[in-house]
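# Secondary and tertiary structure notes
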Amino acid sequence: MMRRFFVLFFAVLAGGVGDGVLGESLRFKRGDSNLDGAFDIADPFHTLGFLFYGRPRSLGCKDASDSNDDGTLDIGDPVHSLAFLFLGAAPPPPPFDPCGRDPSRDALGCERFPGCEQAVPGARELFSEPINNPTDCFPTAVAFGDFDGDHALDLTYTNWCNYNVSIRLGAGGGSFGEAANYRAAFRSHSVAVGDVDLDGALDLAVGQQDYGDVAILLGVGDGTVGEAVKYPVGTGQWTLALGDVNGDGALDLAATSLSSIRAGIAVLLGAGDGGFGGAVHYPAGGAYVFSLALGDLNRDGALDVAATSNGGDQVSILLGAGDGTFGEAVGYPSGDGPASVALGDLDSDGALDLVVANAGSDDVSILLGAGDATFGKAFRCAAGTTPRSVALGDLDRDGALDVAVANENSEDVSILLGVGAGAFGEAVSYAVGRLPRFVALRDVDGDGALDLAVANYYSLTVSILLGR
């Protein structure tokens, strides 16, 4: 069933407010179970799916789904909705039409915020139509870097169904030259860019889906890279990140692992000459860890790890000791099927916050950081269908970070503009290609506005959407 959610994340929630009164500060429409701003046949079926079929696995706003306002979620709610819609029974109690605040006090609250407000002005005019660059075969990840030293950003992406990673040199104005393909790893799935041998030229780290190696391709400085050198890591490097985790000035490598035996993250310390030591594995919340990001979450000067695991539907935090080692994972519930995580200061308090794309619940979770590597309860904002990748940047240049989400099954990118204090407007979609798997943000045409790059798996393209 096609669903559209229109959502606003409010900043009016006071600290310490619990689930019992959370709904009182929010505007929603009673009975609007799927939070699309309308009360129709889709809503009782949405509630029935939750009650009896486990899809969705959680409801964005339990107060809205409590159609008869009896303080519980049960079969009486969809029955009440159907009776009103088709039999002329009494309408749901307030707030019903229009949206409003809940006048009753109960134990039901809202995690995802309802669509009672308008979108942030200008959100639909941020980007141009997509410019599609053909790829070799099923692109899965995309990144930018100046590989030839001409101060123009170049494009790199992985090709899943062969061994290639591709580089397209920037030609100016957001356009790129022909692809140069380099043999990297079978079923290449992820790519990270950085100067791992400290020679001033950017290098590539390429992860693969089915085998246990990460490939390192050292850049020459003229836009080309050398032959791949492989390092054992563990099966399923769906995400890679480069960062100096031990403070020696050389980039180190962190990779996810989908292996049920070594599920979690693997850390390889860099020698500074392009080589890496053996992988050290850290559990990260359960099997099938899909995504990770590096950042200083507790402001101690050492990089920490945030990693998503769909085994426990959580994001796990592993604190770095500063010597290249990490502590035990601490998990925070994030949403259904978390597939991607990004870090940024969303509320301008100097502490990094988390944004998680939840492929199973078609939304993104916002977890505001306290600055000590702890996070508040996740608040969820609707995106498109099956969000797979998330990136952060100031897209409208207002000083607040915004969210871009690549949605596999709705074949678009959702843009949620930040309105300050960690709050976001409703999602606005931009069509891209078929099965978009990855989104990246950089200013590729040098006009001061961030642009989007999207890897479209089934379209065999990388779309560039220029910011206006």
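This text follows the structure it describes.
Tracing the backbone shows F375 in the loop between β22 (363-367) and β23 (379-382). Taking the relative accessible area as the measure of exposure, F375 reaches 9% and is therefore buried. Between the alpha carbons of F375 and L346 there is a distance of 13 Å; along the sequence they are 29 residues apart. Every residue in contact with F375, bar those within four places of it in the chain, is listed here: L297, I317, Y332, L352, D353, L354, L367, L368 and G369.

Summed over the entire model, instances satisfying the criterion amount to two disulfides. The residue that forms a disulfide with C137 is C161, at a sulfur-sulfur distance of 1.2 Å. Linking C137 in the loop between β3 (131-134) and β4 (139-145) with C161 in the loop between β5 (154-159) and β6 (164-172), this pair joins segments that are 24 residues apart in sequence. Take C137: its relative accessible area is 13%, and that puts it in the buried class.

Glancing now at the packing of aromatic side chains. Here the distance between the centres and the angle between the planes together describe a pair of aromatic rings. Scanning the entire structure with this criterion turns up 13 aromatic pairs. Arranged with centres 5.7 Å apart and planes meeting at 80°, the rings of Y282 and F326 form a pair that is edge-to-face. With a gap of 44 residues between them, Y282 in strand β15 (residues 280-282) and F326 in the loop between β18 (314-318) and β19 (330-333) connect regions that are remote in the sequence. Summarising the burial analysis for this pair, Y282 and F326 share the class buried.

Overall, antiparallel pairing links the four strands, which are arranged β4-β5-β6-β7 in an open sheet. Either end of the sheet is taken by a strand with one partner, and the two such strands are β4 and β7 (175-183). In this sheet, adjacent strand axes meet at a mean angle of 20° when their direction is disregarded. Relative to β6, β5 runs antiparallel, the two being bridged by four bridges. Note that in β6 the partner of L155 across the bridge is R168.

Rules behind the numbers
- Residues numbered from 1 in each chain as written.
- Predicted model: local features only at pLDDT ≥ 70, side-chain atom pairs only at ≥ 80, totals over all residues.
- Heavy atoms only, no water.
- Helix = DSSP H or I, 4+ residues; strand = E, 2+ residues; numbered from the N terminus.
- Buried < 20%, exposed > 50% of the residue type's maximum accessible area, 1.4 Å probe, protein only.
- Contact = heavy atoms within 4.5 Å.
- Disulfide = S-S within 2.5 Å.
- Phe/Tyr/Trp six-rings, centres within 6.5 Å; stacked < 30°, edge-to-face > 60°.
- Pairing = 2+ DSSP bridges.
- Axes fitted to C-alpha atoms, helices over the stretch in contact; angles between N-to-C directions.

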